[in-house]
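Structural characterization, general
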Amino acid sequence: MKHWIWPGITFLLVCLFGYGARQAIGTVYASGEAIVLLEALSRSGLYLGSASATASATTLALMLTLVSMVRQADHTFNKWIYGNVERVARLATISLMASLILLLVLVFPVSEFEGIPNDWYPMLYEILFGGVVIVIALLATTVVMLYRTVRHVIAQITPGDEV
């Protein structure tokens, strides 16, 4: 459980920042406003989703390399490092899947759909904005977990350093 303290704090801080950003935008009252906001969100969200997917896939590939290197190293690493590598891989996988789902949702031409009730657009905007915030929070959490793992590996290799 203590392995998740800093990554958990990071996740919560990014979510709070996203909530603050959403409050700063204000309330979406009309479907016309929501459509304009949806189009702007989808453009930036597509870039974010693809960058997050790339980063997550790269992290997973590098975790495989790290596990291989750790197994071949002369130095024996403790269970904490192996556990953290597994946790980073899990977070990267969750981030990758969330990014792919976000990308899938953002490619729909929502403003072109006919027959959707006008009150759905503000709700759809809220959901997509929340999805973008979650993807960013997951990526930030993965980065913090990865940093803690690398820091611990370096401390294991160089005796006398505190983690």
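Just so we're clear, the structure is a prediction, and the values are computed from it rather than from any experiment.

**Describing the overall build of the protein**
Looking only at helices and strands, one finds four helices and zero strands in the protein. Counting all 163 residues of the protein, 35% fall into the buried class. Counting contacts in the protein only where the partners sit at least 6 residues apart, residues at least 24 apart contribute 86% of the total. Here the protein displays about 10,000 Å² of accessible surface, and carbon together with sulfur accounts for 70% of that area.

**Considerations on the pattern of salt bridges**
Under the defined criterion, the tally for this structure stands at two salt bridges. Ionic pairing is found between R22 and E126, a salt bridge with its closest N-O pair at 2.5 Å. Highlighted residues: R22 in helix α1 (residues 5-25) and E126 in helix α4 (residues 120-157), separated in sequence by 104 residues. R22 sits in the buried class, given a relative accessible area of 9%. Given the relative accessible area of 37%, E126 is considered partly exposed. Put simply, R90 and E86 hold a salt bridge, and the shortest N to O gap is 2.6 Å. Of this pair, R90 and E86 both sit in helix α3 (residues 79-106), four residues apart, which is roughly one turn of the helix. Owing to a relative accessible area of 39%, R90 belongs among the partly exposed residues under this scheme. In this structure E86 comes out as partly exposed when scored by relative accessible area, which is 38%.

**Observations concerning α1**
Along its 21 residues, α1 runs 30 Å from first to last C-alpha, staying within 8% of the 30 Å computed at 1.5 Å per residue. Along α1, the residues classified as buried are P7, T10, V14, C15, G18 and R22. Considered in projection along α1, the buried side chains sweep an arc of 130° and stay on one side of the axis. The outward face of α1, more than 90 degrees from its buried face, is lined by the exposed residues L12, L13, L16, F17, Y19 and A24. Looking at the residues trailing α1, positive phi occurs at G26, about 100°.

**Quick word on a nonpolar patch on the surface**
Where nonpolar side chains cluster on the molecular surface, the patch consists of I5, W6, I9, L13 and L16 and spans about 520 Å² of accessible area. Among the structural elements, L13 can be located in helix α1.

**Some words on the packing of aromatic side chains**
The tally for this structure, following the rule as stated, stands at one aromatic pair. Their ring planes at 40° and their centres at 5.9 Å tell us that Y125 and F129 sit as a pair that is tilted. Taken as a pair, Y125 and F129 lie in helix α4 at a separation of four residues, close to a single helical turn. Given the relative accessible area of 2%, Y125 is considered buried.

**Structural notes on the side chain of T141**
Residue position: T141 is located in helix α4. Excluding residues within four positions of it along the chain, T141 makes contact with P7, T10, F11 and L91.

**Re the environment of V150**
Among the structural elements, V150 can be located in helix α4. The partly exposed category is assigned to V150, whose relative accessible area is 41%.

**As for the confidence of the model for the protein**
Overall, the prediction assigns the protein a mean pLDDT of 80, with 82% of residues at 70 or greater. The secondary-structure element of the protein with the lowest mean pLDDT is helix α2 (residues 31-72), recorded at 78, while α1 shows the highest, at 89.

Scoring rules and cut-offs
Residues numbered from 1 in each chain as written. Predicted model: local features only at pLDDT ≥ 70, side-chain atom pairs only at ≥ 80, totals over all residues. Heavy atoms only, no water. Helix = DSSP H or I, 4+ residues; strand = E, 2+ residues; numbered from the N terminus. Buried < 20%, exposed > 50% of the residue type's maximum accessible area, 1.4 Å probe, protein only. Contact = heavy atoms within 4.5 Å. Areas by Shrake-Rupley, 256 points an atom, 1.4 Å probe, with all protein chains shown as cover. Salt bridge = Lys/Arg side-chain N within 4 Å of Asp/Glu carboxyl O. Expected span 1.5 Å × (residues − 1). Arc of directions from axis to C-beta. Patch = residues over 30% accessible without salt bridge, like charges linked within 9 Å, V, L, I, M, F, W, Y side chains within 5 Å. Phe/Tyr/Trp six-rings, centres within 6.5 Å; stacked < 30°, edge-to-face > 60°. pLDDT = per-residue confidence, 0-100.

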